[in-house]
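The residues making up each chain are set out below.
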Amino acid sequence: MLRAVTPLTFRRTMIQAQAVLYKQHGPPKDVLFTQNFTIDDDNLAPEQVLVKTIASPVNPSDINQIQGVYPSKPAKTLDYGTDEPAAPCGNEGLFQVLKVGDQVREFQVGDWAIPSQVNFGTWRTHALGKEVDFIKLDKGITVNQGATISVNPPTALLMLTHYVKLEPGKDWFVQNGGTSAVGKYAIQIAKILGFNSISVIRDRHDANGTREALQELGATHVITEKENSEREAGDKIKSLVKSTQGEVKLALNCVGGSSSQGIARKLSPNGLMLTYGGMSMKPVTVPTSLFIFKNITSAGFWVTELLKNNPELKQKTLNQIQQWYKEGSLKEAPSEKLPFTEGEGLELHQLYLKGIEADSGKQLVTYE
């Protein structure tokens, strides 16, 4: 006798994702939490792209957004299933494409991608966005290069090339924060493009070792902050500039205070100083005489604002940086990896808090 067989019913399992969110601004340790949410990967809209996170760094701007003191902030939303609106954290990150909608043309499964704009939210395991929310990257670069490509390398390249025309082999730029990530990228990019550089570093007991390390990256001349304020160092720089028959047309300031005054004094007539940071937490100080008698210009630089409405410039900049990475002419800023494995060790927001509290360089959360 044949028995009736009851058909088996299978329950489809949607993607179980996690994101680091905050409902109110404040100290990260007080406001961050991990939110579990689901993504229906079988019902993508035609223009949607589903990605999983490969790695995302902790940047100072990420922390400032959480604190509520950064001028650009992500919108709070109920999209993650919270009981009240919450905002996602993280601006930089590298994703891998898992699925695409049937109208997506630029991406295929397996491609690498980064957010096309800030405030997308990269401190999460998975993300669902539209095709326009992503930029494809070349998989010939490293994970660290891809995850950190959106801020520091473009900042250095655009400051060196977008505002002032430096003549290769002749002209110079001067910068403080020479050991910062942007400073090291600026040194290397200047070497690639044939520009001469003067880099100011902090006064330290191992200044000579730091000087040699920057010179190995391609720095033309390195001085300490103490030397930055001394006439003798200024006379030496004038001699160097004269020997190349060029000018110091550009100054890059990320420190402020007396350090900004020191590099401004080294500008040639009609020079430009761009301020892109303020590590000393002191105002930018420039003597009145430099404005009157040398006609220098002092302006701010914010890579986010520059590229927000100029996707062509952003793509061109990223393409150039990727090319230099693949050629080996540009070295990445190293990161300390913080691996995340779901269900093991710290919760996701606790891992990012560990990165926020670390004092040993850039922290990169990687997803196993």
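Per chain, residues are indexed from 1 in the order of the written sequence. pLDDT decides what is reported in this predicted model: residues at 70 or higher carry local features, side-chain atom pairs at 80 or more are listed and counted, and totals for whole chains, interfaces and linings draw on all residues regardless. Values shown for side chains rest on all heavy atoms present in the structure; no hydrogens or waters enter the calculation.

The chain goes by enoyl-[acyl-carrier-protein] reductase in an unreviewed UniProt entry, where it is assigned to Lodderomyces beijingensis. UniProt positions are given in the numbering used here, feature names are shortened, and annotations may be inferred rather than shown by experiment. In the Subcellular location (unreviewed entry) part of its UniProt record, the chain is described as follows: "Mitochondrion". Checking UniProt for the chain, the heading Catalytic activity (unreviewed entry) contains the comment "a 2,3-saturated acyl-[ACP] + NADP(+) = a (2E)-enoyl-[ACP] + NADPH + H(+)".

Looking now at helix α12 (residues 311–327). Only DSSP runs of H or I with at least four residues qualify as helices, and only runs of E with at least two residues qualify as strands; both kinds are numbered from the N terminus onward. A helix is expected to span 1.5 Å multiplied by its residue count minus one. The terminal C-alpha atoms of α12 lie 24 Å apart, and with 17 residues this matches the ideal 24 Å at 1.5 Å per residue to within 8%. Working definition: with a 1.4 Å probe on protein chains only, accessible area under 20% of the residue-type maximum means buried, over 50% means exposed, and in between means partly exposed. Burial in α12 covers these residues: Leu-313, Lys-314, Thr-317, Leu-318, Ile-321, Gln-322, Trp-324 and Tyr-325. Each buried residue of α12 sits inside an arc of 165° when the element is viewed along its axis, so together they form one side. Structural note: α12 exposes Glu-312, Lys-316 and Glu-327 on the side pointing more than 90 degrees away from its buried face. Each direction from the helix axis to a C-beta atom contributes to the arc, which is the arc of those directions.

Let's shift gears to the sheet that holds strand β2 (residues 33–39). Strand order in the open sheet made by the three strands is β2-β1-β4, with antiparallel pairing throughout. A single partner strand is all that each edge strand has here, and the edge strands are β2 and β4 (87–88). Pairing geometry for strand β1 (residues 15–22) and β4, over two bridges, is antiparallel. Counted as the bridge partner of Tyr-22 is Ala-87 from β4. Every residue pair with non-hydrogen atoms within 4.5 Å of one another is taken to be in contact. Between N-to-C directions, angles span 0 to 180 degrees; the directions come from axes that are lines fitted to C-alpha atoms, helices contributing only their stretch in contact. Each of β1 and β2 touches helix α13 (residues 348–357); the most contacted strand, β1, lies at about 45° to it. A pair of strands is considered paired only if DSSP assigns at least 2 bridges between the two.

This part is about unusual backbone geometry. Backbone geometry places Gln-245, a non-glycine residue, at a positive phi of 60°. Locating Gln-245 in the fold gives a position in the loop between α8 (231–244) and β12 (248–253). Phi is positive for Asn-295, close to 55°, though the residue is something other than glycine. Among the secondary structure elements, Asn-295 is positioned in the loop between α10 (288–293) and β14 (297–300). Here Asn-295 falls in the partly exposed class, since its relative accessible area comes to 45%.

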